[in-house]
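Secondary and tertiary structure notes
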Amino acid sequence: METKGALDALLHEERVFRPLPQLVIEANVNPQEYAEAMKLASEDYLKYWEEAAKELDWFKKWDQVLDDSDAPFYKWFVGAKCNIVYNALDRHIETANKNKLALIWEGEPGDTKKLTYYELYRAVNRLANALKTLGVQKGDRVVLYMPPLPEIVIAMLAVAKIGAVHSMVFAGFSAKALRDRITDAEAKIVITADGFYRNGKVVNLKKVVDEALVDGCDSVDTVIVVHRASVETEMVDMRDVWYEDLVRQERPVCPTEVMDSEDMLFLLYSSGTTGKPKGIVHTHGGYMVGVHRSLKWVFDIKPTDIFWCTADAGWITGHSYVVYGPLMVGTTTVMYEGHPLYPQADRLWDIVERYGITIFYTAPTLIRMLMRFGSQYPKKHDLSTLRLLGSVGEPINPEAWVWFYTNVGRSECPIMDTWWQTETGSFMISPLPITLLKPGSATKPLPGIEADVVDDDGNPVPPGKGGLLVIKKPWPSMLRTLYKNPERYKKTYWEKFPGMYLAGDVARKDEDGYFWIQGRSDDVLNIAGHRIGTAELESALVAHEAVAEAAVIGVPDKIKGEVAKAFVILNAGYEVTDPDKLITELKSHVRSELGPVAVIKSIEFKDKLPKTRSGKIMRRILRAQELGKEIGDTSTLED
Ligand code: WT7
């Protein structure tokens, strides 16, 4: 493999990558402006956020930037009136953006749709009027169970425009998961599609909705169905209506509801790798400020950019950086309906080339998958339009980082490794294009964000030592509560360390103040008193030429307390002559990468790892299987 130079694993990664001078000169935020922003944010962070808020349009300005009198139920831009849709759409209609492409969409079979800001605006208004005709009022919840179609963007914006609340359920979820979410949200309307294309097949989505609504879900009056695929679709009398029939007669003009800054914008159930899903609540004012500022600064958006975030709109990444962020900054956002390997492993690079994508933001799991097929696929395409890359969702192992940087980014495009969560709404720890990069580190907290690594008592740990990641000040795009469960909100995030937000991740800071996220705190092992992240062990394993993917869990050990067990997927085409020899080799490889604390007791070869639909390995399931325990909730499992 040509990426063998990337053998270093997370623990002792020492390479530093400098951005090209041209990029620094042209950056939206140059080093001097960055230093000034950091100074302002550390002296008066409310002032910093107030400045950020002024870049957006408000119907009425705030009386107070932050109200912390009922902490941790923080309120931002108190007294202000706004609507995020005004900033994402309405305001562009008055500018040169009116006729610019807002959305480029490509279906898996190769069909495309392009909408200008004005066309999107008209489509949103039509659906907004239709929703009102159906009786949807301010505050009502609308569940969107939709594949990546242009209508998913239209639906989100239409719901928010009239002051209702959207709750997106990723189209890969089961009928049961959908039912639970509809029930919890007490949704009045469900918007879906008849089907969609995925890996050369048609997925019949409407059938899942029918199954979900079979019993219960009495709150639902109407199901709106977008026609996408040729599948037989049963329409329930008095309940189901085709999207096209619904909007055809509606006027393309609709006033934007004046919302209180703190009114709910959306509800999104968290990916839930543990337990019952949490309904995470975001509001108009603070969310729009955080998302707008972070995108403009981190991805350095210019008027000519074509921005592609490969996340599904059903996740927070899609909410913030496929839909709201790109539209607020007035860029062109790209959506692809289908499977990344369809019809072959160069589909994404083909899309980058054909539309001249300039910024490409994706997830490590996808990079590793594409890496398995080798560099001949990106090499087939002209990727020279790319200027920035991005990564999100899990720690990116240096191996994948270097492959992405070299083969996709021509060793020129910096990778913005953005650490954040559904709860945080927008980027928290992330480089800017001007930042020195260390592969595998999300670098430093953005201005206005005060993050730290603390021990079990809440005291900061010295550089190099692992601890819990916390955020020490509130920030505008933070979650406000858990839907109908304020107690759980307090308990989950604010109880362990009063006044600090507990992210649930384990991290360490190095001597330069760079943050290295090691994984969820439940994915961290304690081997003979040494804290070691499963992500680090996995990173070491995938750095071996035989290994494509790896998942590590902790298993009890009489002497060491806990030791690691690894599940490994081998690279396609890797010939195993002697499995026992390979296991011994992998163990000693990890040992030499991470030191003697990294004891891997056993290794099992697998064809597949259990993953959530967002691509996170569900180590909890492997652990339960291994220890012969109850597997528990599997509603987020891929299949
Ligand atoms: C968890 C949040 C918000 C984006 C999608 C996932 C992990 C996220 C990174 C990163 C290391 C990361 C953390 C976090 N994570 N980004 N750049 N480096 N870890 O959203 O489902 O709410 O998951 O994803 O563990 O807590 P989510």
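Residues numbered from 1 in each chain as written. Predicted model: local features only at pLDDT ≥ 70, side-chain atom pairs only at ≥ 80, totals over all residues. Heavy atoms only, no water.

As for the domain arrangement of the chain
Under the convention used in this document: What counts as a domain boundary in this text is fixed by an automatic or database domain assignment.
Domain parsing of the chain yields domain 1 (112–255) and domain 2 (523–627). Averaged C-alpha coordinates put domain 1 and domain 2 at centres separated by 42 Å.

Quick word on helix α12 (residues 347–355)
The condition is simple: Residue exposure (1.4 Å probe, protein chains only): buried if accessible area is under 20% of the type maximum, exposed if over 50%, otherwise partly exposed. Secondary structure is summarised from DSSP: a helix means a run of H or I of at least four residues, a strand means a run of E of at least two, and numbering begins at the N terminus for each.
The set of residues buried in α12 consists of Arg347, Leu348, Trp349, Ile351, Val352 and Tyr355. Just beyond α12, the residue with positive phi is Gly356, at close to 65°.

Quick notes on the site of the ligand
Our working rule: Nearness of a residue to a molecule or strand requires only that one of the residue's heavy atoms be within 4 Å of it. Throughout this description, a polar contact denotes any pair of N or O atoms lying within 3.5 Å of each other; where both atoms belong to protein, one of them has to be capable of donating a hydrogen while the other can accept it, and for residues adjacent in sequence the pair is counted only when both atoms sit in side chains. Note on areas: Shrake-Rupley, 1.4 Å probe, and residue coverage restricted to the protein chains presented here. In this classification, the charged set is Asp, Glu, Lys and Arg, the nonpolar set is Ala, Val, Leu, Ile, Met, Phe, Trp, Tyr, Cys and Pro, and all remaining amino acids, among them Gly, are polar.
Surrounding the ligand, one finds 17 residues, the nearest of these being Asp417, Thr418, Gln421, Thr422 and Arg520. Thr418 has a polar backbone atom sitting 2.7 Å from a nitrogen atom of the ligand. Between Asp505 and the ligand, the recorded distance is 2.9 Å, taken from a side-chain N or O atom to an oxygen atom. Relative to its unbound accessible area of 550 Å², the ligand is 92% covered by the protein chains. The set of elements that each furnish at least two residues to the shell around the ligand consists of α11 (316–328) and β24 (515–520). Of the residues belonging to the shell around the ligand, the class tally is 6 nonpolar, 6 polar and 5 charged.

Some points on the environment of Pro19
For clarity, the threshold we go by: Only heavy atoms enter the contact rule, under which two residues are in contact if any of them lie within 4.5 Å.
Among the structural elements, Pro19 can be located in the segment before α1 (21–26). Along the backbone, Pro19 and Ile104 are 85 residues apart, and their C-alpha atoms lie at a distance of 29 Å. Not counting residues within four places of it along the chain, the set of residues in contact with Pro19 comprises Val24, Pro433, Ile434, Thr435 and Leu436.

Regarding the confidence of the model for the chain
Close inspection of predicted coordinates is inappropriate for parts of the model with low pLDDT. Our working definition: Confidence of the prediction at every residue is given by pLDDT, a number between 0 and 100.
Summing up the model confidence of the chain, the mean pLDDT is 92 and the portion of residues at 70 or higher is 96%. Below pLDDT 50 for its whole length, residues 1–9 participates in 32 contacts with residues either more than four positions away or in separate chains.

Concerning the sheet that holds strand β14 (residues 264–269)
The cut-off we apply is this: Here a strand pair is declared whenever DSSP counts at least two bridges between the two strands. Every axis corresponds to a line fitted to the C-alpha atoms, with the helix fit spanning only the stretch in contact, and the corresponding angles, defined between N-to-C directions, vary from 0 to 180 degrees.
Strand order in the open sheet formed by 7 strands is β12-β11-β8-β6-β7-β14-β15, and the pairing between neighbours is mixed. Looking along the sheet, the strands with just one partner apiece sit at the ends: β12 (240–242) and β15 (279–283). Within the sheet, the average angular offset between the axes of one strand and its neighbour, ignoring direction, is 25°. Both β14 and β15 contribute to a ladder of 5 bridges, which runs antiparallel. In the sheet register, Leu267 faces β15, and the bridge partner there is Val281. Docked against the sheet, helix α10 (residues 284–298) engages β14 and β15, running at close to 85° with respect to β15.

Points about the sheet that holds strand β17 (residues 332–336)
Read across the sheet, 7 strands follow the order β5-β4-β17-β16-β18-β19-β20 without closing on themselves; strand pairing throughout is mixed. Both edges of this open sheet fall to β5 (112–116) and β20 (415–417), since each of them pairs with a single strand only. Direction aside, neighbouring strands of the sheet carry axes that sit 20° apart on average. Bridge analysis of strand β4 (residues 101–106) against β5 gives 5 bridges, and the strand direction is antiparallel.

Some details on the packing of helix α17 (residues 534–542) against helix α18 (residues 579–594)
Threshold: In these notes the angle categories are as follows: under 35 degrees is roughly parallel, over 145 is roughly antiparallel, 65 to 115 is roughly perpendicular, and the rest is oblique. By convention the crossing between two helices is left-handed if the near helix lies anticlockwise of the far one by an angle smaller than a right angle, and right-handed if it lies clockwise.
At a minimum axis separation of 9 Å, α17 and α18 run at an interaxial angle of 120°. Between α17 and α18, the angle is such that the two are oblique. α18 is crossed by α17, and the crossing has right-handed handedness. Residue-level inspection shows Glu536, Leu537, Ala540 and Leu541 of α17 in contact with α18, the latter providing Leu586, His589, Val590, Glu593 and Leu594. The residue makeup of the contact of α17 with α18, split by class, is 6 nonpolar, 1 polar and 2 charged.

Thoughts on the packing of aromatic side chains
For clarity, the cut-off: In summary, the pairing rule links any two rings of Phe, Tyr or Trp, Trp by its six-membered ring, whose centres are within 6.5 Å, and it sorts them by plane angle into stacked for under 30 degrees, edge-to-face for over 60 and tilted for everything else. Definition used: whenever NZ (Lys) or CZ (Arg) falls within 6 Å of the ring centre and also within 35 degrees of the ring normal, the charge is taken to sit over that ring.
On inspection of all chains with the given rule, the structure shows 33 aromatic pairs. Their ring planes at 55° and their centres at 6.0 Å tell us that Tyr489 and Tyr493 sit as a pair that is tilted. Of the two residues, Tyr489 and Tyr493 are both situated in helix α16 (residues 486–494); the distance of 4 residues between them amounts to about one turn of the helix. The class for Tyr489 is buried, based on a relative accessible area of 0%. Taking relative accessible area as the criterion, Tyr493 reaches 3% and is therefore assigned buried. Taken together, the ring pairs connect Phe73, Tyr74, Trp475, Tyr489, Tyr493, Trp494 and Tyr501 into an aromatic cluster. Lys438 extends its terminal NZ or CZ atom over the ring of Tyr514, reaching a point 4.5 Å from the ring centre. One Lys or Arg, Lys473, reaches over the ring of Tyr45 and ends 4.8 Å from the middle of that ring.

Comments concerning the pattern of salt bridges
So the rule is basically this: Whenever a carboxyl oxygen of Asp or Glu lies within 4 Å of a side-chain nitrogen of Lys or Arg, that contact is scored as a salt bridge.
The full count for this structure, using the stated rule, is 42 salt bridges. Arg228 is paired through a salt bridge with Asp111; the nearest N and O atoms lie 2.7 Å apart. With a gap of 117 residues between them, Arg228 in the loop between β11 (222–226) and β12 and Asp111 in the loop between β4 and β5 connect regions that are remote in the sequence. We classify Arg228 as buried; its relative accessible area is 15%. Here Lys473 ties to Glu450 by a salt bridge, and the two come within 2.9 Å at their closest N and O atoms. One end of the pair, Lys473, is in the loop between β22 (467–471) and α16; the other, Glu450, is in the loop between β20 and β21 (451–454), with 23 residues separating them in the sequence. Using a relative accessible area of 23% as the deciding quantity, one classes Lys473 as partly exposed. Since its relative accessible area comes to 33%, Glu450 is described here as partly exposed. Three or more residues joined by partner-sharing salt bridges are found here, namely Glu106, Arg347, Asp350 and Arg354.

Comments concerning the nonpolar core
Nonpolar side chains in soluble globular proteins tend to be buried together. Condition: Residues enter a nonpolar core if they are buried and are Ala, Val, Leu, Ile, Met, Phe, Trp, Tyr or Cys, with the set joined through side-chain atoms within 4.5 Å.
Counting residues in hydrophobic clusters, the biggest one holds 124 residues, and the most contacted among them are Trp58, Leu120, Leu127, Leu157 and Phe299. Residues within four places of Leu127 in sequence aside, it is in contact with Ile154, Ala155, Ala158, Tyr243, Leu246 and Val247.

A word on the side chain of Ser441
Its location among the elements puts Ser441 in the loop between β20 and β21. Within the structure, the side chain of Ser441 is placed 2.7 Å from the backbone oxygen of Phe515, a separation counted as a polar contact.

Some thoughts on the side chain of Arg347
Its place among the elements puts Arg347 in helix α12. Of note is the side chain of Arg347, whose polar atom sits 3.5 Å from the side chain of Tyr336. Dropping the residues within four chain positions of it, Arg347 is found in contact with Glu106, Gly107, Glu108, Gly110, Tyr336, His339, Pro340, Tyr342 and Arg354.

Re the packing of helix α13 (residues 364–371) against helix α15 (residues 398–408)
At their nearest, the axes of α13 and α15 sit 10 Å apart, and the two run at 70° to each other. When the axes of α13 and α15 are compared, the pair comes out roughly perpendicular. Contact residues: α13 offers Ile367, Arg368, Leu370 and Met371, while α15 offers Glu399, Ala400, Trp403 and Phe404. For the contact of α13 with α15, the residue count by class is 6 nonpolar, no polar and 2 charged.

Focus on the pairing of β22
Every regular strand shows the same layout, with side chains that alternate between the two sheet faces. Burial analysis of β22 places 5 of its 5 residues in the buried class, the great majority of the element. Pairing analysis gives 4 bridges linking β21 to β22, with the strands arranged antiparallel. Considered in β22, the bridge of Ala451 is made with Ile471. Bridging between β22 and strand β23 (residues 501–509) involves 4 bridges; their strand directions are antiparallel. From the neighbouring strand, Gly467 faces β23, where its bridge partner is Ala507.

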